[in-house]
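# An overview of the molecular structure
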Amino acid sequence: MGEDMDVIKVEEGEMLEIEIEEDLLKANEQLANANRKIFDKHGVKVIDVMGSIGSGKTSILEKLVGKLKEKYRIAVIAGDVTTTIDADRIKRHGVRTIQINTGNECHLDALMIRRAIKRLNLDELDIVFIENVGNLICPADFPLGSHRRIVVVSVTEGPYMIRKHPMIIKGADIVVINKIDLAEAMEVDVNQLIKDAKEINPKAEVVCTNAKSGEGIDNLIKALQL
Ligand code: MG
Ligand code: ZN
């Protein structure tokens, strides 16, 4: 970076309607805490899966559901702006699936989850997976009440995907690096991605997967303590 580089850093208070946003985030957090209480009361473990469009969230969920559905009673809440593509894929595995179409919103919020869980009989469930809207920015700011948050990045997103999204990595319990079979073709160093994740969030577990073949899914199940 040369000295001619002009960089504008947006400071807190310089963004429009910052107060409205803070109220919104606070309201979301309160609702997320309430959601968590509901889940705990019914003994349901809830796992929020975040990641960009195309990172492999749905493929990973399909593999998880396939391996876990004999042992646990599972439901999946799938968030998407307009389509039901992901929910349709998961439904084929014979588990209860709810689609949330967010319209203009690029993330799920705790109120949407509250509405979705009203349609589920939580007493008849052990695990609820939530597939968040494909986006690595704002889902970080909107906890949903889940017990664990997974962030999925794929090597096809390039070598800087993790370093460029520190906020969501910081909030993750597990970082999944997917499509590792394509690392060589993409000239992406998986070990560097692991290092980046550990540097940003030393507490996060990092799991490498190839969701197509199923490689690494057992490690992810172990990381989830399921
Ligand atoms: Mg998906
Ligand atoms: Zn958003």
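That block above? That's the structure.
Summarised in this report is the structure supplied together with it.

How each quantity is defined
Residues numbered from 1 in each chain as written. Chains lettered and ligands numbered in written order. Predicted model: local features only at pLDDT ≥ 70, side-chain atom pairs only at ≥ 80, totals over all residues. Heavy atoms only, no water. Salt bridge = Lys/Arg side-chain N within 4 Å of Asp/Glu carboxyl O. Helix = DSSP H or I, 4+ residues; strand = E, 2+ residues; numbered from the N terminus. Buried < 20%, exposed > 50% of the residue type's maximum accessible area, 1.4 Å probe, protein only. Donors = N, O, S within 2.8 Å, 3.2 Å for Na, K, Ca; no water. Polar contact = N/O pair within 3.5 Å; in protein donor to acceptor, adjacent residues only side chain to side chain.

Attention now goes to the pattern of salt bridges. All chains considered together, the criterion is met by 6 salt bridges. Asp 48 is paired through a salt bridge with Arg 149; the nearest N and O atoms lie 2.8 Å apart. Remark: Arg 149 occurs in strand 5 (residues 148–154) and Asp 48 occurs in strand 1 (residues 45–51); sequence separation between them is 101 residues. Per residue, the accessibility class of Asp 48 equals that of Arg 149, and both read buried.

This brings us to the coordination of the zinc ion (ligand 2). The zinc ion (ligand 2) binds to the protein through Cys 106 (SG), His 107 (ND1) and Cys 138 (SG), with metal-donor distances spanning 2.0 to 2.2 Å. Along the chain, the residues donating to the zinc ion (ligand 2) are arranged with the sequence spacing C-H-x30-C. Linking His 107 in the loop between strand 3 (96–101) and helix 4 (110–117) with Cys 138 in the loop between strand 4 (127–131) and strand 5, this pair joins segments that are 31 residues apart in sequence. By relative accessible area, which is 7% here, His 107 ends up buried. The exposure class assigned to Cys 138 is buried, which follows from its relative accessible area of 15%.

This paragraph deals with the coordination of the magnesium ion (ligand 1). Distances from the magnesium ion (ligand 1) to its protein donors, Thr 58 (OG1), Asp 86 (OD) and Glu 131 (OE), fall within 2.0 to 2.3 Å. If you list the donors of the magnesium ion (ligand 1) from N- to C-terminus, the spacing comes out as T-x27-D-x44-E. Of this pair, Asp 86 sits in helix 3 (residues 85–91) while Glu 131 sits in strand 4, and the two are 45 residues apart along the sequence. Classification of Asp 86 as buried rests on a relative accessible area of 14%.

Our next topic: helix 4. Most of helix 4 is tucked away: 6 of the 8 residues are buried. Among the residues of helix 4, Ala 110, Met 112, Ile 113, Arg 114, Ala 116 and Ile 117 are the ones counted as buried. Of the residues that open helix 4, the one with a side-chain oxygen 3.0 Å from the backbone nitrogen of Leu 111 is Asp 109.

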